[in-house]
Amino acid sequence: MGHEMFAGMGFLWMLVGAILLVVPVWRICQRIGYPAPLSLLMLVPFANLALLYFIAFSKWKRNDL
């Protein structure tokens, strides 16, 4: 009963972390009028920062918020 029991836990934590990042950005993209799959860029290093800057400084397609 060594470390073999927890061998797959690293992948599980990475999956949970990815879900915690992608789901809120998915909802934000939907609400501001951009394609929701754009939120998958949150999983790519440096592209996630570019996406945040794009969302923050671009003109939103929907202004009814």
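As a reminder, the structure under discussion sits directly above these lines.
Every value quoted in this text rests on a predicted model; they were computed, and no experiment measured them.

### Some remarks on the environment of P24
Now for step 1: Mapped onto the elements of the fold, P24 is located in helix 1 (residues 9-32).
Now for step 2: For the pair P24 and S39, spaced 15 residues apart in the sequence, the C-alpha separation amounts to 8.6 Å.

### Structural notes on the packing of aromatic side chains
Now for step 1: All told, the structure shown has two aromatic pairs when counted by the stated rule.
Now for step 2: Judged by centre distance (5.8 Å) and plane angle (25 degrees), the ring pair of Y53 and F57 falls under stacked. You can see Y53 and its partner F57 sitting in helix 2 (residues 47-57), four residues apart, about one turn around the helix.

### A word on unusual backbone geometry
Now for step 1: For F46, which is not glycine, the phi dihedral falls at a positive 70 degrees.
Now for step 2: The topology assignment puts F46 in the loop between helix 1 and helix 2.
Now for step 3: Residue classification places F46 among the exposed positions, given a relative accessible area of 70%.

About the criteria used
- Residue numbering note: each chain is counted from 1, following its sequence as written.
- In keeping with the predicted nature of the model, local features appear solely for residues at pLDDT of at least 70, side-chain atom pairs appear and are counted solely at 80 or more, and the whole-chain, interface and lining totals rest on all residues.
- No hydrogens and no water enter the side-chain calculation; it runs on all heavy atoms of the structure.
- We count a stretch as a helix when DSSP gives it H or I for four or more residues in a row; a strand needs E for two or more, and each element gets its number in order from the N terminus.
- Stacked, edge-to-face and tilted are the three classes for Phe, Tyr and Trp ring pairs, Trp counted by its six-membered ring, which pair at centre distances within 6.5 Å; planes under 30 degrees apart are stacked, over 60 edge-to-face, the rest tilted.
- Think of it in three bands: residues with accessible area under 20% of the maximum for their type are buried, residues over 50% are exposed, and the middle band is partly exposed, with areas taken using a 1.4 Å probe on protein chains only.

Taken by themselves, the reported measurements are silent on function.
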